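If you want the building blocks of each chain, they are given just below.
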Amino acid sequence: RNLPEVKVDASHTVSFNAKAAYEESCTMCHGSFAPAAGDKAAWAPFLEKGKDKMITNGIDGTDMGMPAKGGNADLLPSDVKLIVEWMIENSSEKH
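From a predicted model like this one, the values you see are computed outputs, not experimental measurements. (Residues numbered from 1 in each chain as written. Predicted model: local features only at pLDDT ≥ 70, side-chain atom pairs only at ≥ 80, totals over all residues. Heavy atoms only, no water.)

Caption draft 1: Structural context of the nonpolar core. Grouped together as the largest cluster of nonpolar side chains are 13 residues, with contacts concentrated most on Tyr22, Met54, Ile83, Val84 and Met87. Counting residues per element, the ones that place at least two in this core are α1 (18-25), α3 (51-60) and α4 (77-89). Of the residues forming this core, the biggest block, 5 residues, is contributed by α4. Those residues in contact with Val84 that sit more than four places away from it in its chain are Met54 and Ile55. (Core = buried A, V, L, I, M, F, W, Y, C linked by side-chain atoms within 4.5 Å. Buried < 20%, exposed > 50% of the residue type's maximum accessible area, 1.4 Å probe, protein only. Helix = DSSP H or I, 4+ residues; strand = E, 2+ residues; numbered from the N terminus. Contact = heavy atoms within 4.5 Å.)

Dropping the structure here:
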């Protein structure tokens with residue numbers, strides 16, 4: 001069966017603002033007792049584990065106290081991935 005062609009209409013595109021989501025959902029911990037985005041020294045040991053591990057930890061949580069999705073059940077796994085990527089970009093030596 002042939003499906004109709006998908007047409008993308010830029011006016012109906014929804015964008016996700018990872019920085020805003022970080023500020024809304026993550027800064028309660030990240031910035032008080034967990035490493036804040038931008039703190040290169042604090043993030044160094046986590047960055048050594050690799051991006052995939054950090055994304056998995058963000059989605060699933062950790063046994064060190066981080067809740068799944070930072071405690072925000074409304075975030076999709078793809079949202080968490082974008083937040084973690086934003087945090088990495090803003091906490092790495094490349095930044």
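Caption draft 2: Up close: the packing of α3 against α4. In contact at an axis separation of 9 Å, α3 and α4 are set at 130° when each is read in the N-to-C sense. Put simply, α3 runs oblique to α4. For the crossing formed where α3 meets α4, the hand is right-handed. Two secondary-structure elements touch here, α3 through Lys51, Met54, Ile55, Gly58 and Ile59 and α4 through Pro77, Val80, Lys81, Val84, Glu85 and Ile88. Class assignment of the residues belonging to the contact of α3 with α4 gives a composition of 7 nonpolar, 1 polar and 3 charged. (Axes fitted to C-alpha atoms, helices over the stretch in contact; angles between N-to-C directions. Parallel < 35°, antiparallel > 145°, perpendicular 65-115°, else oblique. Left-handed = near helix turned anticlockwise from the far one by under 90°. Nonpolar A, V, L, I, M, F, W, Y, C, P; charged D, E, K, R; others polar.)

Caption draft 3: Structural view of α1. Inspection of α1 places Ala18, Ala21, Tyr22 and Ser25 among the buried residues, and these make up the whole buried set. Angular distribution of buried residues about the axis of α1 spans 105°; they occupy a single face of the element. For α1, the secondary structure elements touched by its buried residues are α4. One side-chain oxygen at the N-terminal end of α1 lies 3.1 Å from the backbone nitrogen of Lys19; it belongs to Asn17. (Arc of directions from axis to C-beta. Polar contact = N/O pair within 3.5 Å; in protein donor to acceptor, adjacent residues only side chain to side chain.)

Caption draft 4: Focus on the layout of surface pockets. In this structure, the largest pocket encloses a volume near 700 Å³. Together, 28 residues line the largest pocket, and His30, Ala34, Trp43, Thr62 and Met66 are the ones closest to its centre. Those elements that place two or more of their residues in the lining of the largest pocket are α1, α2 (40-47), α3 and α4. In terms of residue class, the lining of the largest pocket is built from 17 nonpolar, 7 polar and 4 charged. (1 Å grid on protein atoms, 1.4 Å probe; cavity = no way out; pocket = protein on both sides within 12 Å on 5 of 7 lines; lining within 4 Å. Points joined across faces, edges and corners; volume = space filled by probe spheres on them.)

Caption draft 5: A look at the confidence of the model for the protein chain. Here the protein chain shows a mean pLDDT of 87. Residues at 70 or above account for 84%. Per-element confidence in the protein chain ranges from a low mean pLDDT of 90 for α2 to a high of 95 for α3. (pLDDT = per-residue confidence, 0-100.)

Caption draft 6: Molecular detail of the side chain of His30. Here His30 shows up in the loop between α1 and α2. Those residues within four positions of His30 in sequence are excluded, and the remaining contacts are Tyr22, Pro35, Ala36, Trp43, Met66 and Met87.

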